There are 2 protein chains.
Amino acid sequence: MTITPQQQGRFTLPGEAGYEDLTLELAKRWGADAIRDSDGTVLSDKITEAGFDIYSTVCMVRMDNAWAKANMDKLQQNYLMSKPVAAEGSTLQIDLLNGYFREQFKVNANDDPKAWWQVFDRTTSEEVPAEQWDFDAESGIVTIRNTKQWHRYTVNFLAYRIWEAISMYNHITNNWGDREHLMPVDPIYPETQEFILRKLQQWIDEHPRTKVVRFTSMFYNFAWFWGDSPRLRYNYSDWGAYDNTVSPLALQKFREARGYALTSEDFVNAGRFGSSHNVPSKRYMDWMDFVNEFVVSFGRKCIDLVHASDKEAFMFYDDHWVGTEPYSDRFKDFQFDGMIKCVFNAFEARKCAGVEHVKTRELRLHPYLFPTGLKGEPTFKEGGNPALDCKRFWVNIRRGLLRAPVDRIGLGGYLHLVQDFPDFVDAVEQVAGEYRAIAALHEGGAPYAAPVNVAVLTAWGKLRSWICSGHFNHGLELNEMIESLAGLPVNVSFISFDDLLKSGVPHDVNVIINCGRAGSAWSGGDHWQNPEINDIITAWVARGGGLIGVAEPSACRYSSQYFQLSHLLGVDRETGQTLSKDKMQYEPAQGAHFILEDTPGELDFGHDMDKVFVTSEDTQVLAERECSPRIATHSFQAGRSLYLSGFKFTPQNTRLLHRALCWAANQQDVFLRWTCSNVLTDCAYYPAQKTLAVINSSDNAEETTIINDKGEPLNFKLEPHKMKVIQS
Amino acid sequence: MTITPQQQGRFTLPGEAGYEDLTLELAKRWGADAIRDSDGTVLSDKITEAGFDIYSTVCMVRMDNAWAKANMDKLQQNYLMSKPVAAEGSTLQIDLLNGYFREQFKVNANDDPKAWWQVFDRTTSEEVPAEQWDFDAESGIVTIRNTKQWHRYTVNFLAYRIWEAISMYNHITNNWGDREHLMPVDPIYPETQEFILRKLQQWIDEHPRTKVVRFTSMFYNFAWFWGDSPRLRYNYSDWGAYDNTVSPLALQKFREARGYALTSEDFVNAGRFGSSHNVPSKRYMDWMDFVNEFVVSFGRKCIDLVHASDKEAFMFYDDHWVGTEPYSDRFKDFQFDGMIKCVFNAFEARKCAGVEHVKTRELRLHPYLFPTGLKGEPTFKEGGNPALDCKRFWVNIRRGLLRAPVDRIGLGGYLHLVQDFPDFVDAVEQVAGEYRAIAALHEGGAPYAAPVNVAVLTAWGKLRSWICSGHFNHGLELNEMIESLAGLPVNVSFISFDDLLKSGVPHDVNVIINCGRAGSAWSGGDHWQNPEINDIITAWVARGGGLIGVAEPSACRYSSQYFQLSHLLGVDRETGQTLSKDKMQYEPAQGAHFILEDTPGELDFGHDMDKVFVTSEDTQVLAERECSPRIATHSFQAGRSLYLSGFKFTPQNTRLLHRALCWAANQQDVFLRWTCSNVLTDCAYYPAQKTLAVINSSDNAEETTIINDKGEPLNFKLEPHKMKVIQS
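(A) Just the relation of the copies chain B and chain A, in detail. At an RMSD of 0.1 Å, chain B and chain A line up after a rotation of 180° and a shift of 0.0 Å along the axis. Accordingly, the operation relating the two chain copies is best matched by a two-fold axis. For chain B, the smallest separation between a C-alpha atom and the rotation axis is recorded for R557 of chain B, amounting to 5.9 Å. Both copies share a contact surface, since 100% of the interface residues of chain B are interface residues in chain A too.

(B) Quick peek at the nonpolar core. Residues W117, F215, W287, F424, L485 and L661 of chain B are the most contacted members of the largest nonpolar core, which totals 258 residues. Top element by residues in this core is helix α9 (residues 282-308) of chain B. It accounts for 12 residues. Counting residues in each nonpolar core, the second largest holds 252 residues, with I409, A437, V511 and F671 of chain A among its members.

(C) Inspection of the pattern of salt bridges at higher detail. Applying the stated criterion across every chain, the model contains 86 salt bridges over all chains. R300 of chain A serves as the salt-bridge partner of D304 of chain A, at 2.9 Å between the closest nitrogen and oxygen. Taken as a pair, D304 of chain A and R300 of chain A lie in helix α9 (residues 282-308) at a separation of 4 residues, close to a single helical turn. You can call D304 of chain A partly exposed: its relative accessible area is 34%. For E617 of chain A, the salt bridge identified is with R231 of chain B, shortest N-O distance 3.4 Å. Of the two residues, E617 of chain A sits in the loop between β27 (612-614) and β28 (620-625) while R231 of chain B sits in the loop between β14 (223-225) and β15 (236-238), which places them in two different chains. Overlapping salt bridges bring together D33, E362, R364 and R408 of chain A as one network.

(D) The arrangement of the interface of chain B and chain A in detail. Taken residue by residue, the interface counts 63 residues in chain B and 63 residues in chain A. Of the roughly 5200 Å² buried at the junction of chain B and chain A (both faces included), carbon and sulfur atoms supply 44%. Taken as a group, W150, R231 and S580 of chain B account for 15% of the area that chain B buries against chain A, more than any other trio of residues on that side. Linking chain B to chain A there are 2 salt bridges. Counting across the interface, chain B meets chain A through 41 residue pairs in polar contact (both at pLDDT 80 or more). With 6 residues, helix α15 (residues 531-542) of chain B is the largest single contributor of residues to the side of chain B that touches chain A. For the side of chain B that touches chain A, a count of residues per class yields 20 nonpolar, 28 polar and 15 charged.

(E) Looking closely at the packing of aromatic side chains. Enumeration according to the criterion identifies 96 aromatic pairs over all chains in this entry. Aromatic side chains F254 of chain B and F290 of chain B sit 5.5 Å apart centroid to centroid with 85° between the ring planes, which places their arrangement in the edge-to-face category. One end of the pair, F254 of chain B, is in helix α7 (residues 248-258); the other, F290 of chain B, is in helix α9, with 36 residues separating them in the sequence. Here K114 of chain A stacks its cationic end above the ring of W133 of chain A, 5.0 Å away from the centre of that ring. Here the guanidinium or amino end of K83 of chain B rests over the ring plane of Y100 of chain B, the centre of that ring lying 4.3 Å away.

(F) Region of the structure containing the state of the cysteines. Scanning the entire structure with this criterion turns up 0 disulfides over all chains. Left without a disulfide partner, C302 of chain A is nearest to the cysteine sulfur of C59 of chain A, which lies 11 Å away. Considering cysteine sulfurs only, C556 of chain A is the nearest to C556 of chain B, which forms no disulfide, with 16 Å between them.

(G) Quick look at the environment of N385 of chain B. All names here are of chain B. Position of N385 relative to the elements: it lies in the loop between β18 (360-365) and α11 (386-403). Sequence separation between N385 and P367 is 18 residues, and the spatial gap between their C-alpha atoms is 9.9 Å. Residue contacts for N385: discarding those within four places in its chain leaves T379 and D423.

(H) The side chain of E552 of chain A, seen in detail. Residue and element names in this part refer to chain A. Structurally, E552 is set in the loop between β23 (546-551) and β24 (555-558). On the basis of relative accessible area, E552 is assigned to the buried category, the value being 6%. Within polar-contact distance, the side chain of E552 engages the side chain of R573 at 2.6 Å. Residues contacting E552, with those up to four places away along its chain left out, are G516, R517, A518, S523, Y562, F563, R573 and M609.

(I) Quick peek at the sheet that holds strand β6 (residues 91-95) of chain A. Residues and elements named next belong to chain A. In space, the 3 strands of this open sheet follow the order β6-β11-β10, with antiparallel pairing throughout. Looking at strand neighbours, the two that pair on one side only are β6 and β10 (133-136), the edges of this open sheet. The sheet shows a mean angle of 20° between the axes of neighbouring strands, direction not considered. In the sheet, β6 pairs with strand β11 (residues 141-145) via 5 bridges, with the strands oriented antiparallel. Its bridge partner lying in β11, Q93 is registered against T143.

Rules used throughout
Residues numbered from 1 in each chain as written. Chains lettered and ligands numbered in written order. Predicted model: local features only at pLDDT ≥ 70, side-chain atom pairs only at ≥ 80, totals over all residues. Heavy atoms only, no water. Least-squares fit on C-alpha atoms with pLDDT ≥ 70 in both. Contact = heavy atoms within 4.5 Å. Core = buried A, V, L, I, M, F, W, Y, C linked by side-chain atoms within 4.5 Å. Buried < 20%, exposed > 50% of the residue type's maximum accessible area, 1.4 Å probe, protein only. Helix = DSSP H or I, 4+ residues; strand = E, 2+ residues; numbered from the N terminus. Salt bridge = Lys/Arg side-chain N within 4 Å of Asp/Glu carboxyl O. Buried area = accessible area lost by both parts, 1.4 Å probe. Polar contact = N/O pair within 3.5 Å; in protein donor to acceptor, adjacent residues only side chain to side chain. Nonpolar A, V, L, I, M, F, W, Y, C, P; charged D, E, K, R; others polar. Phe/Tyr/Trp six-rings, centres within 6.5 Å; stacked < 30°, edge-to-face > 60°. Lys NZ or Arg CZ within 6 Å of the ring centre and 35° of its normal. Disulfide = S-S within 2.5 Å. Pairing = 2+ DSSP bridges. Axes fitted to C-alpha atoms, helices over the stretch in contact; angles between N-to-C directions.

Printed below as a string of structure tokens:
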């Protein structure tokens, strides 16, 4: 079976009224079959009537600022913690919003502070009794009495968000001047729900040509608390946190539904808030589940309206995505038709590709057609090179797409900006062509994968598959590693400690990865104090399982070891608690090891762990620095373990990981088949079509050799960034 | 007043029978007034009758191996933890001594294991009930029943030490072949006490010419558990730990005296034992106090015998020093006449010089007259350069001696070894001359010190003044720092958290240093959870105190900050708990700061802390790396704080510290007086004698300028390693 790639389709173009000719010209050039609007642009009739599918964006929580202004008690809220202040005497006044961006927040003086707020002495960690403090709504100040001199006090208080964060970011980034500040309304209130449904219906009626309603997204934005000081603008930001879902009404409903009450401190968490990087408490997971239940339930009503008008409902897997949890069991109940994810990297492509229960998965490629990028760097303006950005992002993303398909790609922003960048127009044309070729390859079935099934063990598990809180978090070991994994010919799943406790290690898994620093959600923190976790993993390794531990795997200050799996890994780490204990001497292993065969020269694992030591005479140290193992292997009964002191996404390390996975799974013999000799290149073989795709991810021309399934070598030369597809 | 240094005296020479001429010749050359024996040498009549004071060494716990052999139930003991073993099934056998050096230990099968031992499931941290395990004395194996598969089990058991550790070390290092292994007896038993006193009296009677009885030292050696494997020989060693003081009888007496019982786990501590680097528990401190009380009480009886024979009693502040605690309140009750400390560095010279309630403080200089050094490096044999070693150790020590005097110096070992090293003989002659000159300078009174009184705050406080567990622990921030402090013209004391709680910050202190890594005894660990500590230090800084925090000062995972004094320091550290919180931007301070005026070029603080961030808009960052402050200053009310991300003893850093102390104390104006312009040189001014000593600690000739108290510059040129003394 041979599939000829389409020359067009699968592409969503951002149109722009006033630039109709450009819109239609580029639609043809890039093979677009759909045209969309963006935040800040509209489509004219000439565009909407040109025969393309029309995507229209709608953000339901900021649809009507007049209604929001008239219902300020129904704006979205969150808990803030006032900045700690040391008491000089026995009375202390705290200006609650001091340090926060006052254009974003307004103290909630409508709901009884004594019922919903808490004041803490952070020096003793004790709550201050409600009788000892008062709030003055006019000044926004809490006065605390009977303070202890030099103790630090904070107030957990509720604030309305009076400027919707994404809109605020776009406003400030694009200098929208005195354009009105949009405010987010909270659908937890029946009145808001009624308003949203009415407004949505009206919006649908006003968009007869729209085929796809692109929700941005449902209701609650990821957490983004801005600071007052330009030196600390993004005070707290977490792409996966539920801080913005709180209100007294929601807390009351939670109490009724779950039978217990949460407090402000469950959210404030001594100022750490609900960060995805930290291990979530059971109470916090309950809250997430409660919010998810609500968001799916009311979201479904919105989607039903869309479907009733014969339109499709797509979700934008960013911005106000909180509460939707595309990897939750409940996600199917939305009945979304499509999922759109904004991506720079392979792991994000996999994050989108892995979502079930939607017909269409679509990538929104970078760069956005904005003058500047997410970090303020120039893009479509002087000093920018959007064509090169486009190619570099694409070669990252393409690695992931060879492994798992998505159904569409597209762009967003102001189309007119591309006029001065003809090489960008060429680059997108090239990308669109390659993308369609890859999509066609997948149509015959999945590409060949080695019989290596990898489970990444974190505190989040499947719920946050391919996610380490937002875009690429450079330096975060697990994020670096999932970017490598996203392009490897192995099967990857994500499991949690709760999964292990409920069902043990899934039957088909042959390698578990635990990767991260002590105390993080990625490594697992106090989950490692649970002896059942030890039992399950140790028994599984003893029976032949493969374990890869990275940085501080299973680390926890508990009992007689720091890495709770050091008996499997054969290494542990000195954190200052055992300085008087000598460390076992070792001779670094001599000769080439399978894992290191493609890794000449110095390892670069980024800021990897020091002070690692071997705990077993049988541990083999493959690489070290200053007498601290960086790669070590160890056997336990029938199983194999591998320790890496850190990880950084590089072609060499990706190869090292590929080999390590095969080694840990005791499957070295399968490694060579359909693997590129040159680590700067990757390939995927699609057996149903007997077709091989080979990609060059580097900025230079590369040669590479691939062993096919008959054991024959196939040689390739590839230009920079190029892909070849051949029958094989 | 001018004091002419003696040309001889104050020097103890190790004599050696068979080398009488050499002994007497070197005694003259080096100006010795006392001659000693060493472990492995004896003095002949020709030596003892030559008119010198005679020092004789005696180690009371290994005086008579025949008695020890006949009283094996009175050998010294300690708790060991068997190496963790994972249970494969429901029964587990643990060979207790597996992994330990069987020539050092023998399981105590005399005292009921069920009464004194404990078995732990280290996977759950739970104790295994005594009914579930049994000990077989013949095989040395504990069998545990009803084990849970893959849980790791350990046994806390009592072991006799059947080879006294120092003797074992000397035996093995010096290849003593089949010479008998000496065993240490425990004076806790009345029979042992009676024997020791009888034997000591006999020894005194047999040493009529001895003037000074040099005890090595009292009864209990520092902890040194050897391993079976040559890859892990020094399994656990801690110069300050009380592990070797345990026995059932002592535990019973403790219970009677203190009203509560300790368990084996109080000592084993999940395998961390009683390491000085960790914060001691209240229970452990009680035990130390109990042992100290006993050692002083019985030690005094021994010393009384010495005094009754008109001899003097000196203690060796190493080896079996545990329980003596020369910085404890009880030390005076020993009535020791002298204290001898084996030294390489300035902080050790200060440790000896600071001991009160003895007439004589004596330094035992390195290198010892042994073929090899403490780490096995060649000394008095091919490949060694003992003359250079001697000079380099001396220039370190000399910095400390300019600040605080000792009364004598001396050597130890086998004198005949120096015959092949005439340059060593010259070097010692030079050292002896310089030492005497310095001693003479101190006779008129203390050298000038700036009005800067520094208190080093640790969990140990004064009890472990100038001590970070043994010889120089390179890389341990506090050890690096006290080596710098030892030669600075400031007043240094050591205080504990308990001192602060009892009496607050001492009245005369103007700078507090807290230096070390989180969880260590040096930084303070969980003491920082005590709000009273925060209150005391914050109030004191607010009133004008100076705080210097190094590495992870006041660090503790508790409440809303990691550095519990970050409100004073103006910085905190990211340890993975606040990754979603943005860090305040800062501009590194421009222009030269007083603290850095003598620190051109890159800072070298060793392995210093990364991921430090500023917490206050007012924090001044003086040095940084990768956006992480390395030196930062901050004010709080009337007080000043300084943060250093690490510390390493170098001339540049010593100067930086000197300036930092003056700055923190708000005494910059006193810095220049009697300070050398060249950081490789130091000086001390003795006002009573109007005499200035200037030293060059480098291997090269150096020039330096000193401002005297009239503000006039004095210029010096000094040859490598040399000292000049002038009237000024």
